[in-house]
Amino acid sequence: MSSSPTTPATAPRPAPSRRRPLPELPRIAVPAALPELSTTDLKLGMAGSGAVFSGYVLVHMLGNLKVYQGAEKFDAYAEFLRTAGAPVLPRGTVLWTARGVLSACLVVHVGAAGVLTARAWRANGTLLARGPRRPRGRRRSPWEVLRRSMRSTGGVLGLFTAFHVLDLTLGARPAAARDFAHGSAYANLVASLSRPPVALAYAVSMAALAAHLVHGIPEIANDVGVGCDRRFQRRLRIAANAFGAVVAAGNTTIPVAVLTRAVR
Amino acid sequence: MSTFSLTVDVWRQPSPDDPGGFTTYDVPDAGPDMTVLELLDRINAQLEAAGEEPVAFDDGCREGVCGKCGVTVDGVAHGPERNAASCMQHLGAYRDGDRVRIEPLRAASLPVKQDLSVDKKALRRVAKAGKFPVAMKALANGGCISCGACISSCPNGSGQLFVGTMLRELPPLAKNDDERRDRSAKVLAAAEDEFGPCSLLGDCVEVCPAGLPVENLSAVARENLRNRFPRRAPEGG
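Residues numbered from 1 in each chain as written. Chains lettered and ligands numbered in written order. Predicted model: local features only at pLDDT ≥ 70, side-chain atom pairs only at ≥ 80, totals over all residues. Heavy atoms only, no water.

**Here we look at the nonpolar core**
Residues and elements named next belong to chain B.
- Core analysis: the largest hydrophobic core is formed by 42 residues, its most contacted members being Val126, Phe162, Val163, Met166, Leu167 and Phe195.
- No other element matches the five residues that helix α5 (residues 160-169) contributes to this core.
- In this structure, this core is formed jointly by two domains, domain 1 (4-118) and domain 2 (121-228), each of which donates at least three residues.
- Setting aside anything within four residues of it in sequence, one finds Val163 in contact with Val126, Val187, Ala191, Phe195 and Val220.
- Residues Phe4, Cys69, Val71 and Cys87 belong to the second largest nonpolar core, which totals 29 residues. (Core = buried A, V, L, I, M, F, W, Y, C linked by side-chain atoms within 4.5 Å. Buried < 20%, exposed > 50% of the residue type's maximum accessible area, 1.4 Å probe, protein only. Helix = DSSP H or I, 4+ residues; strand = E, 2+ residues; numbered from the N terminus. Domains from an automatic or database assignment. Contact = heavy atoms within 4.5 Å.)

This is the structure in structure tokens:
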């Protein structure tokens, strides 16, 4: 049976950082007025803000597609976003309300993600050095890796959003194109996406958005406790795949159209 | 039956407070039908023959139902096959000359006792919060064997598959609604102290030897919301 000699090939190597627990992470300072938020409540906050963002990206994509109706219609739509609710509401009410809600959601989403990440790292207990290759049959495809990388795709989306606002909302150089002009949304969009690096960054960000949505939407259901039914979960995953694909593909057609001069 | 040679890196750690490290052993006569624990048995036989300290690891029924065993093989809790305990994991994924890394189950809530053996009392503490015999009955009804692989496989150190299974099965065992709320609130609070947050990555579902479904994860949020918002109409208890 075990006729072979044991070969302790190496003496125990000095312990790598592999299994050493993380140093106690500093407790995240919570203002005294707020209760100590439980993980499930933070997840609810992430789910709620994530649901708002999911709805917003769909509406935003549908608005973007108006670019195919030409400069006049697109600029009129941009103007409508400012005058919506008129004459009852003052100019910009709807726009600034939407901006306020989205900003609040961003604070909740990023804040909760930060606290949860700190808790997750503490509970994991190891600073994971890259392990060995996973065994045959258990290796993950690049798409699977992207889908589960919520923090990374979220980071990409955050950076892209900051750039996007500087580029097309504020018109701040160097993010914005040289001939940016407030009010001419169509010309600004074409000028911006005519720059190949910007178009590429846009497409990469849309891949990150698709991955974030495809995992995030089922996670919303899980975090609000409605994912208890197997058939519902399967349908929701299919719907989330479709949703992510539609939003990302719809948006990605625009830089492609601009670069191929179909939109100019 | 064909045999092949494997180089096995095994985590050795003399005690909980000592630093650990990998020691490499060659096993020239591994086979595809051998289980992960039999591979460790083979290494131990070699070590005992050489008069050295054998590798400590958790061992139980060797039929995949007791939940005592568990090691991490090449970064995957229990081993390369899906939904099987370490004692039922075969080496079919490996080829002659491959290198295999065997570590303990890893999570802050599963501290290493010695070598590959870990302390799984965190699971017990959560079960105790929900009245121990009832919680164990709930876990048995749900099919959970409390092996801890879900926590170990989770990058967030979350035990939500364990907790969710318990919370899914506890309500039918409660005499009335107040008892249900009381138990689930205590279990949720205990789980909060022991484990990390769930990100629905599903790694737990891939490794769970009992094949528990991903839907069980949702029971945690459901019971939390149910406790938070008082009942509007009396429900069954």
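**Some words on the domain arrangement of chain B**
All names here are of chain B.
- When the domains of chain B are assigned, the result is domain 1 (4-118) and domain 2 (121-228).
- Just the C-alpha atoms count here: the centres of domain 1 and domain 2 sit 27 Å apart.
- Taken residue by residue, the interface counts 18 residues in domain 1 and 17 residues in domain 2.
- For the domain 1 and domain 2 pair, buried surface summed over both sides reaches about 1,300 Å², with 54% attributable to carbon and sulfur atoms.
- Summed over the shared surface of domain 1 and domain 2, the result is one salt bridge.
- Close ionic contact of Arg82 with Glu206 constitutes a salt bridge, the shortest N to O distance being 3.9 Å.
- At the junction of domain 1 with domain 2, the criterion picks out four residue pairs in polar contact (both at pLDDT 80 or more). (Buried area = accessible area lost by both parts, 1.4 Å probe. Salt bridge = Lys/Arg side-chain N within 4 Å of Asp/Glu carboxyl O. Polar contact = N/O pair within 3.5 Å; in protein donor to acceptor, adjacent residues only side chain to side chain.)

**Observations concerning the interface of chain B and chain A**
- The interface is formed by 69 residues belonging to chain B together with 53 residues belonging to chain A.
- At the boundary of chain B with chain A, total buried surface from both sides reaches about 4,900 Å², with 50% on carbon and sulfur atoms.
- Contact with chain A buries area across many residues of chain B, yet Pro197(B), Leu200(B) and Glu215(B) alone supply 12% of it, more than any other trio.
- Summed over the shared surface of chain B and chain A, the number is seven salt bridges.
- A salt bridge links Asp203(B) to Arg140(A); the shortest N-O distance between them is 3.3 Å.
- Elements represented by at least two residues in the side of chain B that touches chain A include exactly β1 (4-12), β2 (21-30), α1 (36-49), β5 (99-104), α5, α7 (203-207) and α8 (218-228) of chain B.
- Across the side of chain B that touches chain A, the residue classes tally to 33 nonpolar, 15 polar and 21 charged. (Nonpolar A, V, L, I, M, F, W, Y, C, P; charged D, E, K, R; others polar.)

**Quick word on the pattern of salt bridges**
- Counting across every chain of the model gives 28 salt bridges over all chains.
- With a shortest N-O distance of 2.8 Å, Asp59(B) and Arg62(B) are connected by a salt bridge.
- For Asp59(B), a relative accessible area of 31% translates into the label partly exposed.
- Taking relative accessible area as the criterion, Arg62(B) reaches 27% and is therefore assigned partly exposed.
- Counted as one network, the salt bridges with shared partners bring together Lys43(A), Glu219(A) and Asp223(A).

**Side note on the packing of helix α2 (residues 121-129) of chain B against helix α6 (residues 177-194) of chain B**
All names here are of chain B.
- The interhelical angle for the contact between α2 and α6, taken along N-to-C directions, is 160 degrees, at an axis separation of 7 Å. For the element pair α2 / α6, the angle class is roughly antiparallel. Classified by chirality, the crossing of α6 by α2 is right-handed. Seen from α2, the contacting residues are Ala122, Arg125, Val126 and Ala129; seen from α6, they are Lys186, Val187, Ala190, Ala191 and Glu194. (Axes fitted to C-alpha atoms, helices over the stretch in contact; angles between N-to-C directions. Parallel < 35°, antiparallel > 145°, perpendicular 65-115°, else oblique. Left-handed = near helix turned anticlockwise from the far one by under 90°.)

**Quick notes on the sheet that holds β2(B)**
Residues and elements named next belong to chain B.
- Here five strands make up an open sheet; going across it, the order is β2-β1-β5-β3-β4 and the pairing mixed. The open sheet is flanked by β2 and β4 (76-77), the only strands paired with a single partner.
- Contacting β1, β2, β3 (71-73) and β5, α1 crosses the sheet at an angle of about 100 degrees to β2. (Pairing = 2+ DSSP bridges.)

**Some points on the side chain of Ser158(B)**
All names here are of chain B.
- Take Ser158: it is sitting in the loop between α4 (149-153) and α5.
- For Ser158, a relative accessible area of 6% gives the class buried.
- Those residues within four positions of Ser158 in sequence are excluded, and the remaining contacts are Cys150, Ile151, Phe195, Gly196, Pro197 and Cys198.

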